[in-house]
Amino acid sequence: MQQNRCWILVGLVLGLVLGRLSPGSSQSWQETIQPLQAEILRLTGEGKYTEALGLAASLRDLVQQARGPDDPLFAHALSVLAMLSWFQGDQQQGTLLYQRALHLLETTPGPNDRAVASLLLSWGTLARDWGGDLQQAESLLTRALSLSRRSAPEHASEISTILVTLAGVYEGLGHYQRAEQELHKALQMLPPEAPADDPRLLPVLHSLGRVSNNLGAGSKAATLLHRALRLQSVQGPNHDNMAHILIDLAVVYQDQKDYVQAEALLHRARTSLEQRWGEQSVHTVPALYALARLSLARGDYASAAARLVHGLSSMERAYGKGHPRAALYLFGLGAVWEAQADYDVAAHAYRRVLTIWEQALGHEHPYVAHALYNLAILYERQGQVSAAEPLYHRALHILQNVFGTAHPLLAAVMSHLGSLAEARGDLPQAYQWFDRTLQIWQQTLGADHHDLSIAYSGLARVQRLRGDVPQAITFLSQANDILEKTLYRNLRAGSERQRGLYMTAQLLGSTNQTLALHLQTAPHSAEAARLAFRTVLRRKGLLLETQITTQQFMRHGLDAEGRKHLDALEQLRALRTHSALSEIDRDVRLALAEAAPQDAAAAADDDADDVSLAAVLDDLIEEHEQALARIMVSSQEEKALPTMVAPTQQLPQGTLLVEFVAYRPLVSGVALLNQAVPPKRYAAYVLRRDGSLHWADLGAAQDITNHVAALRTALRPPPGHDRQQTS
């Protein structure tokens, strides 16, 4: 997106240079200037700023020789140099050049307001996107808007451009309502007869979609961004614009917990950006960040960390350490480290990010609330309630000031305050927090959004502690239904490894809560038993259903490209079963190196061990599994959650269905505050063909494991005896 803006800004100012050429200018001079400007524009569009800067210096010298250092045309030549200096990272030099150009335009007689407004627009855009100085950007753009309205009210597109850019500043400041207002003003600048595919609509629709999502209006955001996407497609290929619309739309789908749609959009965006700029370019980093967030949500922490480390390095090279944009990647790494229970490292990252954002964006910015919220969660996980609770309240205060009383993130903070009240034993307060959380999420996200399961689960825990088991069962059943809808939708995408991680991240806690409600709290409740048994059986069934659907598609639904991936996958899996990978033929290993450039050294190394080669094969297997999943998702419509057939109908005469489960008892009060982890226990459920359900808590898992190990030892034949005789 920023690369596209660079090209637009330079093109705008170079256009002003051409426009300033008087009819009396010599034809030879114009013939010299015009190709020079075209080459500067081309090099800027390709990101070759050093070469463009050299030509811009030549343009400045030509203008100075022909028109003198006091001519307004010379000021435009200086502003081109200023922009390219910023792109090169020399903001100090760029600012000095802008100041010199602005002084020249403001002190030159004649109608220069429009030219001054153009210069302020380019400077303000750079201050926003590259300098991170939003206050300066707001000041510059406000001046530009005032001048444009006064000097060129008939140039509605120029005023609209400034309004959209200014809205981006307010968005960056966290003033989302103000940003929305400016964008609606930009829409009003278009004539009533403007067609639906008017290109001037594109930046407004794109920005409105992003702002709407920040305001918690996900459905509205998706509608606006889909319109922007269609409009961009009609206008023709603009890889940067298209990619960033795709990324913003993917963020909307991810917030709606539709990871399948999000992944497909991000794959398109990443491919487009990498084809244009290369895999290592800073311009591909926004797609990597969005993919990292998706990996984190799925529980794939290794992939998330790798993408965030790459993104952080690229952003710090481009903007410098301590820049608020670069801090976003450190914030993501903090979330990864927290998820991996590396709390000290995560806390250091969060505190560093909090300091950067407070200094750059102010203490009341929504990003600051995000940092406070994540730091509070980390303290809560460590049992440091006295440290966590003030941070939650501070985040809540900021979010209420920014968004009012109903926003999804506001509800998320409230849900954690409910958990703290629950841990203290203040059940009425906990119920109020969870109930308010539920109301806000229902209002802003809809009745089936994944996050509602968090509120229902909290309400179920409170009712369990109150002794109201029937109400706890009702709430927990609602939570499980929502989780399973999300699960079934998202299991269609990703590799087998990613599906396993996602199942663990999303379902382990809720499955345990359901089993513990029955086996620990209400062991004599048939209703609680049925909920527990149905939950275990249904989740296994959904995973099996996904696997069967995938296998059927692999057999009958693949196109030529898909069959290539499948053939490669089968060959790689066959290699993976080789008992001694280091003995694989060298030609095969060279082929692996070519297929996996990132692991080429390990694959081609004659001394590579089995572990290194296994990692290469695993990476390639995952790549092909992901490619096949994308093909399947793009070829099939999303199916409704299947209805579970009563298992008794499937049982042959005289048989039983036995399900062994593991769970951990739930803790409360001081134990919950101290993050105590009770020992695991085993249990069994037995379903008869007549529909009767029986169950038993089998005891501590470790004791049973020890008994099983002892039995195996006892049954193992002693040396010198054959197994037949011993048995």
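Above this text sits the structure in question.
Here the structure is a predicted model, which means the values were calculated and not measured.

Undergrad: What exactly am I supposed to notice about the nonpolar core here?
TA: The tendency in soluble globular proteins is for nonpolar side chains to be buried as a group. The biggest cluster of nonpolar side chains holds 180 residues, and the ones touching the most others in it are Leu84, Tyr98, Tyr329, Trp357 and Tyr392. The element best represented in this core is helix H4 (residues 72-87), accounting for 12 residues. Residues contacting Tyr329, with those up to four places away along its chain left out, are Val285, Pro286, Tyr289, Leu308, Gly311, Leu312 and Met315. In this structure, Ala516, Phe533, Leu537 and Val661 belong to the second largest nonpolar core, which totals 14 residues.

Undergrad: Would you explain the packing of helix H6 (residues 113-131) against helix H7 (residues 134-151) in this entry?
TA: Relative placement of two packed helices is described by the angle separating their axes and the distance separating the axes. Contact geometry of H6 with H7 gives a least axis separation of 8 Å together with a crossing angle of 155 degrees. Judged on the interaxial angle alone, H7 and H6 are roughly antiparallel. In this structure, H6 meets H7 at a crossing whose hand is left-handed. Touching Asp113, Arg114, Val116, Ala117, Leu120, Leu121, Trp123, Gly124, Thr125, Ala127 and Arg128 of H6 are Leu134, Gln136, Ala137, Leu140, Leu141, Arg143, Ala144, Leu147, Ser148, Arg150 and Ser151, all from H7. The class makeup of the residues in the contact of H6 with H7 is 12 nonpolar, 5 polar and 5 charged.

Undergrad: Sorry if this is basic, but what is going on with H7 here?
TA: Three- or four-residue spacings in an α-helix give side chains the same orientation, since the helix completes a turn every 3.6 residues. For H7, which comprises 18 residues, the first-to-last C-alpha distance of 25 Å matches the rise-based estimate of 26 Å (1.5 Å per residue) to within 8%. Here the buried face of H7 lies against H6, helix H8 (156-172) and helix H17 (343-361).

Undergrad: Looking at this model, I keep getting lost on unusual backbone geometry. Mind explaining?
TA: It is generally the case that most residues other than glycine have a negative phi and that most peptide bonds are trans. In this structure, Lys257 takes a positive phi of about 65 degrees despite not being glycine. By the element assignment, Lys257 lies in the loop between helix H12 (239-255) and helix H13 (259-277). The backbone of Ala341 sits at a positive phi, close to 65 degrees, despite the residue not being glycine. With respect to the element layout, Ala341 can be found in the loop between helix H16 (324-339) and H17.

Undergrad: Would you take a moment to explain the packing of helix H3 (residues 49-67) against H4 for this structure?
TA: Where H3 contacts H4, the two axes come as close as 9 Å, and the packing angle between them is 165 degrees. Taken as axis vectors, H3 and H4 run roughly antiparallel relative to one another. The two elements H3 and H4 cross, and the hand of that crossing is left-handed. Contacts between H3 and H4 involve Tyr49, Ala52, Leu53, Ala56, Ala57, Arg60, Val63, Gln64 and Arg67 from the former and Leu73, Phe74, Ala77, Leu78, Val80, Leu81, Leu84, Ser85 and Phe87 from the latter. Each residue belonging to the contact of H3 with H4 can be placed in one class, and the counts come to 14 nonpolar, 2 polar and 2 charged.

Cut-offs applied
- Residues numbered from 1 in each chain as written.
- Predicted model: local features only at pLDDT ≥ 70, side-chain atom pairs only at ≥ 80, totals over all residues.
- Heavy atoms only, no water.
- Core = buried A, V, L, I, M, F, W, Y, C linked by side-chain atoms within 4.5 Å.
- Buried < 20%, exposed > 50% of the residue type's maximum accessible area, 1.4 Å probe, protein only.
- Helix = DSSP H or I, 4+ residues; strand = E, 2+ residues; numbered from the N terminus.
- Contact = heavy atoms within 4.5 Å.
- Axes fitted to C-alpha atoms, helices over the stretch in contact; angles between N-to-C directions.
- Parallel < 35°, antiparallel > 145°, perpendicular 65-115°, else oblique.
- Left-handed = near helix turned anticlockwise from the far one by under 90°.
- Nonpolar A, V, L, I, M, F, W, Y, C, P; charged D, E, K, R; others polar.
- Expected span 1.5 Å × (residues − 1).

Such coordinate-based values are descriptive only and should not be taken to indicate function.
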